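A look at the structure
Okay, here's what each chain looks like letter by letter:
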Amino acid sequence: MSSSKKRSIGAVLTLAGAAIAAFAFRVDVRPRGDGDKARVDPAAAQDSSNKEAADRKALEDRALVAAGTKPLNAALENNVDGPTLVDLFDSEDWWKAYREEFVATRVIVGAELLAAHGKIDIGSSDSAVVKEARRQKVSSAPVTIGGQTFLIAAARLPSLADREPVLVLLKKIDPPPVAVVVRPPAAPARSQNQGIAFWVGAGFLCLAGISLLLSGRKPANGNGNAAVAGSIIREDTLRFGTPSKPQPRAESKVLRAASIPRVTGVAARGTGVGQAPTLTAAARPTTSSARPSPQPAAAEAEADDPNIFGRYKLIDRLGEGGMSEIYTAVAYGVEGFSRTFVLKRLKPELARDKEAVAQFIDEARMQATLVHSNIVPVFDFGMVGQEYFMTQEYILGRDLVRLMSRYYDQTKRALEPRVAYYIAHETLAALSYAHGKHERDGEHMGIVHRDVSAANIMVSLQGEVKLFDFGIVKANRRVTRTQVGMVKGNANFMSPEQARGHNVDARSDLFSLALVLYYCLTNELLYDGANDLDVLYRAATGPTQADYEKLRQLPEPAAQILEKALAFDPDERFQSSNEFASMLAAHIGGGKSDASNLMQLLFGDELRKEAA
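Residues numbered from 1 in each chain as written. Predicted model: local features only at pLDDT ≥ 70, side-chain atom pairs only at ≥ 80, totals over all residues. Heavy atoms only, no water.

**Regarding the overall build of the protein chain**
Operational definition: A run of H or I in DSSP counts as a helix once it spans at least four residues, and a run of E counts as a strand once it spans at least two, with each numbered from the N terminus. Each residue gets one of three labels from its accessible area relative to the maximum for its type: buried under 20%, exposed over 50%, partly exposed in between, using a 1.4 Å probe on protein chains only. Contacts are assigned to residue pairs with any non-hydrogen atoms lying within 4.5 Å of each other. For accessible areas, the Shrake-Rupley method is used with a probe of radius 1.4 Å. Any residue's cover is judged against the shown protein chains and nothing else.
Each helix and strand counted, the protein chain has 18 helices and 18 strands in total. Taking all 612 residues of the protein chain together, the buried fraction comes to 37%. Pairs at least 24 apart in sequence give 60% of the contacts found in the protein chain among residues at least 6 apart. Surface accessibility of the protein chain: about 36,100 Å² in total, with carbon and sulfur atoms responsible for 54%.

Put into structure tokens, the structure is as follows:
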């Protein structure tokens, strides 16, 4: 048979085998029946939708009933604060059914989250239903929080209508059922023997065809042997350990990436492959600071500016204490960003005093752990040169000493009782948080402020109350400790046990706050004396019978509250901040608004200039 004929028959057999193989493959992978795609059962989907709609309607009805609860609305009308409202949710019988049914409860007044009760953090998941509830009275929606499925409902509260208060309830539900699917019946399967026969036949035809194609090829050199293109380079076998000669290689036209110097933050350019890059005029050293690097002349001028302290610029010196100097300071960022802080700097002469440095570090570390709306937070701590510093939130407000002085100068009166009770109540919220603080390992920190005084309580322009200056705080794990018999603090506001240098606990802070409350109600200090030693002696002996007679002449409830809070024996005083605060809660309605109005009247213009 001629070569050309062999090649023709071989080609036909190969094509036939390939066709049979393609057919067999197509049959094996062909979808069975009318397709394998799952389809949702319309009836099951409708049932699921109907159930969700019914659950949402029931939850909305429940939310409307809860929003109409009279004690809840009465509390809002009396301007009960958030912590007190949470206590009501947690303990009152009129909320028991809702407490057991819902995993989270929120009350939102205006843009403020007034109270949040429950273990689930809703975050911003309620924003849409709150907005809709304010428009249509009630709203609900399914939400997923932390991988769990909930229904959330919001209902408008009838009290304080001008501030649009909304009650939010969160209820855990079972996840929606998996959609029921319907699959068409599978087509009859082809037998296994049939499939094997197809593949064997296809393989036989392909092999036969390829054999004939190869046998019909013409030899390249005319004598039946195909020639090998090129040549084989012969290398002698070398003795073990003898280095071989490297074979010569063609010069690479591509410059390895490793040979190009790495340039960070600059543009690189070249004119051809393998050419080393050149730096553009934009190349500049990078800095880690948020502020742009100053030009040399500006940098030199900045370095000579005595008001530049690290990344802060000192604006105004507010005063000094026994260990530190206090300034207002501004930190700058990109795009003209700036923020004002209070910067507390350890005095330079104390930089080598190990005890002073340790106490300053203790104060920064301790206060940085205290995150509460009624406590001034610490934002930054560090060193500039050999000087330690910390920065705190800048409160646009005034401490109680300046507030009382300005108010008395203009009115010749002490503070209105409602404002005084409100300030004391908010300070107690800060103390309650600090006194109950635990370490991450669960151990109680045992914090006692030890310097609760009128100078360390701030009232902002918006009527917020902030406790600050934890410089001599007592805590279980504090590195520096006051020696036995050593007295630290303001003697005008000390408990007897603190003035005597004895161990103190949270009840000592409550005694000090009672002295602050007395000062606000009378514009007088309960302890007086010719000098500091006389005042310290008065504090150590505690209130006299004459002092208690003064207390009893105050209008109720001040007389009853202060007589208990200022008992000489700590066991006869209020035993917790919450107990003390509960006696004031019914008398602070509108206190925040009154405090804000008072601050606007006394300091509005100068505080607005400070903020400008």
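**Structural notes on the confidence of the model for the protein chain**
Note the following rule: One confidence number per residue, pLDDT, is output by the predictor and ranges from 0 to 100.
For the protein chain, per-residue confidence averages 77 on the pLDDT scale, and 70% of positions sit at 70 or higher. Of the regions scoring below 50 in pLDDT, residues 32-38 engages in 13 contacts with residues more than four places distant in sequence or in other chains. Here residues 220-295 is modelled with pLDDT under 50, and outside its nearest four sequence neighbours on either side it reaches 35 contacts, counting other chains as well.

**Considering the nonpolar core**
The tendency in soluble globular proteins is for nonpolar side chains to be buried side by side. As a reminder, the rule being used: Residues belong to one nonpolar core when they are buried, are Ala, Val, Leu, Ile, Met, Phe, Trp, Tyr or Cys, and are joined through side-chain atoms within 4.5 Å.
If you look at the biggest cluster of nonpolar residues, it comprises 68 residues, and the most contacted ones within it are Leu403, Ile423, Leu562 and Phe580. For this core, the element with the most residues is helix 13 (residues 506-522), which contributes 11 residues. Sequence-distant contacts of leucine 403, that is, excluding residues within four places in its chain, are made with Ile423, Val459, Leu598, Met599, Leu602 and Phe603. In this structure, Val80, Phe89, Leu151 and Leu160 belong to the second largest nonpolar core, which totals 26 residues.

**With respect to the environment of proline 377**
Along the polypeptide, proline 377 turns up in the loop between helix 9 (354-368) and strand 14 (378-384). Not counting residues within four places of it along the chain, the set of residues in contact with proline 377 comprises Thr391, Gln392 and Glu393.

**Observations regarding the packing of aromatic side chains**
The condition is simple: Ring pairs shown here join Phe, Tyr and Trp side chains whose ring centres sit within 6.5 Å, with only the six-membered ring taken for Trp; geometry is labelled stacked below 30 degrees between planes, edge-to-face above 60, and tilted in between.
With the rule as written, the count across this model stands at 12 aromatic pairs. When the ring of tryptophan 94 is compared with that of tryptophan 95, the centres are 6.0 Å apart and the planes differ by 75 degrees; the resulting orientation is edge-to-face. The class for tryptophan 94 is partly exposed, based on a relative accessible area of 25%. Look at phenylalanine 309 and phenylalanine 389: their rings are 5.6 Å apart centre to centre, the planes differ by 85 degrees, and that puts the pair in the edge-to-face class. One end of the pair, phenylalanine 309, is in strand 10 (residues 308-309); the other, phenylalanine 389, is in strand 15 (residues 387-393), with 80 residues separating them in the sequence.

**Some points on the layout of surface pockets**
Using the following cut-off: Both cavities and pockets are sets of points on a 1 Å grid over the protein atoms alone; in a cavity a 1.4 Å probe fits but cannot get out, in a pocket the set is open with protein on both sides within 12 Å along at least five of seven lines, and lining residues sit with an atom within 4 Å of a point. Grid points are joined across faces, edges and corners, and a volume is the space filled by probe spheres set on the points. Gly counts as polar in this scheme, as do all residues outside two lists: the nonpolar Ala, Val, Leu, Ile, Met, Phe, Trp, Tyr, Cys and Pro, and the charged Asp, Glu, Lys and Arg.
Roughly 1,200 Å³ of volume is contained in the largest pocket. Along its surface, the largest pocket is lined by 40 residues, and Leu318, Ile326, Ala455, Phe468 and Asp469 are the ones closest to its centre. Counting only elements with at least two residues in the lining of the largest pocket, the list comes to strand 11 (312-320), strand 12 (324-332), strand 13 (338-346), helix 9, strand 15 and strand 16 (397-399). No other element matches strand 11, which puts five residues into the lining of the largest pocket. Counted by class, the lining of the largest pocket contains 14 nonpolar, 14 polar and 12 charged residues. In this structure, the second largest pocket spans a volume of roughly 660 Å³. For the lining of the second largest pocket, the residue count by class is 11 nonpolar, eight polar and seven charged.

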